[in-house]
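Examination of the molecular architecture
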Amino acid sequence: MENVKHKIVSFWLTHIFLRRIGKYYPDFFNNWIADVTDSRLQRKIMELRYTGTYPMKFESIAIELGKTPRRVFEQHKKVIDRIISQS
């Protein structure tokens, strides 16, 4: 049951909450993510994914950062898991 709750919260974070916060309050979003993680790579991934008029997809982020899409997705998931565990 705990796994189901985690997936629901993760879906809500990635598809609704983070997109709105990143779009309408990018400065707040970037400061908040900086508090969540110390990794520059993770902060950059979250910034590219959720801020700006047209947020980037994982494949585009991977190309821009010179990483594999799998690595980008794994780093993104670590940040999401960290956000969930803090609440």
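Residues numbered from 1 in each chain as written. Predicted model: local features only at pLDDT ≥ 70, side-chain atom pairs only at ≥ 80, totals over all residues. Heavy atoms only, no water.

As a further point, take the overall build of the protein. When helices and strands are counted, the protein shows 5 helices and 0 strands. Each helix (α) and strand (β) of the protein, taken in turn from the N terminus, gives the series α-α-α-α-α. For 87 residues, the compact-globule estimate of 2.2 N^0.38 gives 12 Å, and the protein sits close to it at 12 Å. Residue burial in the protein is summarised as follows: out of 87 residues, 32% are buried. (Helix = DSSP H or I, 4+ residues; strand = E, 2+ residues; numbered from the N terminus. Rg over C-alpha atoms; globule rule 2.2 N^0.38 Å. Buried < 20%, exposed > 50% of the residue type's maximum accessible area, 1.4 Å probe, protein only.)

In this section: a nonpolar patch on the surface. Taken together, Met 1, Val 4 and Ile 8 make up a surface patch of nonpolar side chains, about 360 Å² in accessible area. By the element assignment, Ile 8 lies in helix α1 (residues 2-24). (Patch = residues over 30% accessible without salt bridge, like charges linked within 9 Å, V, L, I, M, F, W, Y side chains within 5 Å. Areas by Shrake-Rupley, 256 points an atom, 1.4 Å probe, with all protein chains shown as cover. Salt bridge = Lys/Arg side-chain N within 4 Å of Asp/Glu carboxyl O.)

Counting all residues, the mean pLDDT for the protein is 95, and 99% of those residues have values of 70 or more. Highest mean pLDDT in the protein belongs to helix α3 (residues 40-50) (97); lowest belongs to α1 (94). (pLDDT = per-residue confidence, 0-100.)

Okay, the environment of Trp 32 next. Following the sequence through the fold, Trp 32 ends up in helix α2 (residues 26-36). What makes Trp 32 partly exposed here is its relative accessible area of 22%. A C-alpha to C-alpha distance of 9.9 Å links Trp 32 and Ile 83, two positions 51 residues apart in sequence. Sequence-distant contacts of Trp 32, that is, excluding residues within four places in its chain, are made with Phe 17, Leu 18 and Ile 83. (Contact = heavy atoms within 4.5 Å.)

Glancing now at the nonpolar core. Judged by nonpolar contacts, Leu 13, Leu 18, Ile 21, Phe 29, Ile 33, Val 36, Met 46, Tyr 50, Val 79, Ile 80, Ile 83 and Ile 84 together constitute the single largest core of 12 residues. Residue assignment for this core shows that the elements contributing at least two residues are α1, α2, α3 and α5 (69-86). Broken down by element, the residue count for this core peaks at 4 residues, all from α5. Leaving out residues up to four positions away in the same chain, Ile 84 has contacts with His 6, Val 9, Ser 10 and Leu 13. Ranked by size, the runner-up nonpolar core spans 7 residues in total, among them Ile 45, Phe 58, Ile 61 and Val 72. (Core = buried A, V, L, I, M, F, W, Y, C linked by side-chain atoms within 4.5 Å.)

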